[in-house]
Amino acid sequence: MNILDKIIERKKQEIADSKSKISVEKLKDSEFFSRKIFSLKENLKTKSGIIAEFKRKSPSKGIINDKVSPLEVVSQYEKFGASAVSILTDLEFFGGNFEDILSVRNHINIPILRKDFMIDEYQFYEAKSIGADIILLIASCLSPTQVSEFTELAHSLNLEVLLEIHSDEELKHINKNVDFVGINNRNLKDFKVDLQHSVNLKNQLPQDILSVAESGIYNEEDFKFLKEKGFDGFLMGEYFMKNENPGEKFEEFISNVKI
Ligand SMILES: O=P(O)(O)OC[C@@H](O)[C@@H](O)c1c[nH]c2ccccc12
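Residues numbered from 1 in each chain as written. Predicted model: local features only at pLDDT ≥ 70, side-chain atom pairs only at ≥ 80, totals over all residues.

1. Some remarks on the overall build of the protein chain
Line of reasoning, step 1. Counting its secondary structure elements, the protein chain contains twelve helices and ten strands.
Line of reasoning, step 2. Taking 2.2 N^0.38 as the reference for a compact globule, 259 residues should give roughly 18 Å; the C-alpha atoms of the protein chain span a radius of gyration of 17 Å, in line with that estimate.
Line of reasoning, step 3. With the C-alpha coordinates of the protein chain rotated into their principal frame, the extents come out at 50 × 40 × 35 Å.
Line of reasoning, step 4. Burial analysis of the protein chain (259 residues in total) assigns 41% to the buried set.
Line of reasoning, step 5. Sequence separation of 24 or more characterises 68% of the internal contacts of the protein chain that already satisfy a separation of 6 or more. (Helix = DSSP H or I, 4+ residues; strand = E, 2+ residues; numbered from the N terminus. Rg over C-alpha atoms; globule rule 2.2 N^0.38 Å. Buried ≥ 20, exposed ≤ 12 C-beta atoms within 10 Å, placed from the backbone. Contact = placed C-beta atoms within 7 Å.)

Listed below in structure tokens is the structure:
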């Protein structure tokens, strides 16, 4: 079984567990169902284009940073120009939890991407109830029909949709309603990073869709290369998080790439 299959197996159990504890009706009581919306579509153009991630650990890297708090990190990300922040909520494989989003939502004014493996409608209500603005749909975990149904549900909750693809076959998951197409530079099955592969895939996207380059952006050259190739957004985690002070690293990066 590859890691992605393991994650999905585990996720199914977690969802069943959560459903037995909290109903969708209960989730809807959250104050976040009726609040100001932060839009990445707007922020991609007006800010750096970087979606800066808070991530404690990952299956490919092990522990990255478990010493810093989400609030200190994402406040700095916001201050120095992140278009949005991405916060992992998977506990088992990424060391994240809902509290990581809840503890920052009312302190920042940029959108938050709930980064998790979305396979069930229930999770969209959950995402909304903890204050997320954007959700990730991973094509390799879903059928094209699920992508279009989940996109509709997300939009009905005022959540923006980032659809992640990694291969030519997954181009068929794209529909005109998704807000952004993310191309993962990292293969989730074997963790290999290949930027040129992403550029080739980007060239096959529909003309007017906003594109985000995801993962494995490890230095200024990588970033500049992808920007020159026309990506609108850049999802970066480890490069900042592996530092003692991720916010400071973000600031340094922004000033070096001059955006
Ligand atoms: O830390 P990196 O290499 O900069 O990558 C960030 C982000 O793209 C990565 O965490 C990611 C992209 N797609 C995912 C899907 C699930 C979990 C994590 C991810």
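2. Re the site of the ligand
Line of reasoning, step 1. As a matter of local geometry, the ligand sits amid 15 residues, with E214, S215, L235, G237 and E238 nearest to it.
Line of reasoning, step 2. Counting only elements with at least two residues in the shell around the ligand, the list comes to β10 (233-236) and α11 (238-241).
Line of reasoning, step 3. For the shell around the ligand, the residue count by class is five nonpolar, four polar and six charged. (Near = placed C-beta within 6 Å. Nonpolar A, V, L, I, M, F, W, Y, C, P; charged D, E, K, R; others polar.)

3. Brief notes about helix α6 (residues 98-105)
Line of reasoning, step 1. By the burial criterion, the buried members of α6 are D100, I101 and V104. Projected onto a plane normal to the axis of α6, the buried residues spread over an arc of 90° and lie on a single side. (Arc of directions from axis to C-beta.)

4. So, the UniProt feature "domain: Indole-3-glycerol phosphate synthase" (unreviewed entry) in the protein chain
Line of reasoning, step 1. Here, UniProt's "domain: Indole-3-glycerol phosphate synthase" (unreviewed entry) annotation points to residues 4-251.
Line of reasoning, step 2. Overall, residues 4-251 shows 40% helix and 17% strand. The separation of its end C-alpha atoms is 33 Å. (UniProt positions renumbered as here; feature names shortened; annotations may be inferred.)

5. A short note on the packing of helix α4 (residues 70-79) against α6
Line of reasoning, step 1. Direction vectors running N to C along α4 and α6 enclose 55°, while the axes themselves pass 9 Å from each other. Here α4 is positioned oblique relative to α6, judged by the angle of their axes. Between α4 and α6 lies a crossing whose hand is right-handed. Counting all contacts with α4, which are made through P70, L71 and V74, the residues of α6 involved are D100, S103 and V104. (Axes fitted to C-alpha atoms, helices over the stretch in contact; angles between N-to-C directions. Parallel < 35°, antiparallel > 145°, perpendicular 65-115°, else oblique. Left-handed = near helix turned anticlockwise from the far one by under 90°.)

6. Quick word on the sheet that holds β10
Hydrogen bonding along the main chain pairs the strands of a sheet, whether they run parallel or antiparallel.
Line of reasoning, step 1. Judged by pairing direction, the barrel is parallel, and its eight strands sit side by side in the order β1-β4-β5-β6-β7-β8-β9-β10 before closing back on the first. The average angle at which neighbouring strand axes cross in this sheet is 25°, direction not considered.
Line of reasoning, step 2. Direction of pairing for strand β1 (residues 50-54) relative to β10: parallel, over a ladder of three bridges. Along β10, the bridge assignment pairs I50 with F234. (Pairing = 2+ DSSP bridges.)

7. What to know about the packing of α4 against helix α12 (residues 246-257)
Line of reasoning, step 1. Put simply, α4 and α12 touch, their axes get as near as 8 Å, and they point 15° apart. Here α12 runs roughly parallel to α4, going by the angle between their axes. Pair α4 / α12 crosses with right-handed handedness. Seen from α4, the contacting residues are E72, V73, Q76 and Y77; seen from α12, they are P246, G247, F250 and E251.
Line of reasoning, step 2. Looking at the contact of α4 with α12 residue by residue, the classes come out as four nonpolar, two polar and two charged.

8. Observations regarding the nonpolar core
Line of reasoning, step 1. With 63 residues, the main nonpolar core has I51, V85, I135, L137 and F234 as its most contacted residues.
Line of reasoning, step 2. Here this core gets five residues from one element, more than from any other, and that element is strand β6 (residues 134-138).
Line of reasoning, step 3. Those residues in contact with I135 that lie beyond four places of it in its chain are R114, M118, F124, A127, A154, L159 and V161. (Core = buried A, V, L, I, M, F, W, Y, C linked by C-beta atoms within 7 Å.)

9. Observations concerning the environment of S23
Line of reasoning, step 1. By the secondary structure assignment, S23 is in the loop between α1 (3-21) and α2 (24-27).
Line of reasoning, step 2. Sequence-wise, S23 and Y122 are 99 residues apart; in three dimensions their C-alpha atoms are separated by 8.8 Å.

10. Remarks on the pairing of strand β7 (residues 160-165)
Line of reasoning, step 1. In terms of burial, β7 is a largely internal element, six of the six residues being buried.
Line of reasoning, step 2. Neither face of β7 is exposed, since E160, L162 and E164 on one face and V161, L163 and I165 on the opposite face are all buried.
Line of reasoning, step 3. With five bridges connecting them, β6 and β7 associate as parallel partners. Bridge pairing links L137 to L163 in β7.

11. As for the environment of K249
Line of reasoning, step 1. Residue position: K249 is located in helix α12.
Line of reasoning, step 2. Using a count of 18 C-beta atoms within 10 Å as the deciding quantity, one classes K249 as partly exposed.
Line of reasoning, step 3. C-alpha separation for the pair K249 and I174, spaced 75 residues apart in sequence, amounts to 34 Å.
Line of reasoning, step 4. Discounting chain neighbours no more than four positions away, the residues touching K249 are F240 and N243.

12. Notes on the confidence of the model for the protein chain
Any region with low pLDDT has predicted coordinates that should not be read closely.
Line of reasoning, step 1. Across the protein chain, pLDDT averages 97, with 100% of residues at or above 70.
Line of reasoning, step 2. The complex prediction reports pTM at 0.97, with the ipTM value standing at 0.98. (pLDDT = per-residue confidence, 0-100.)

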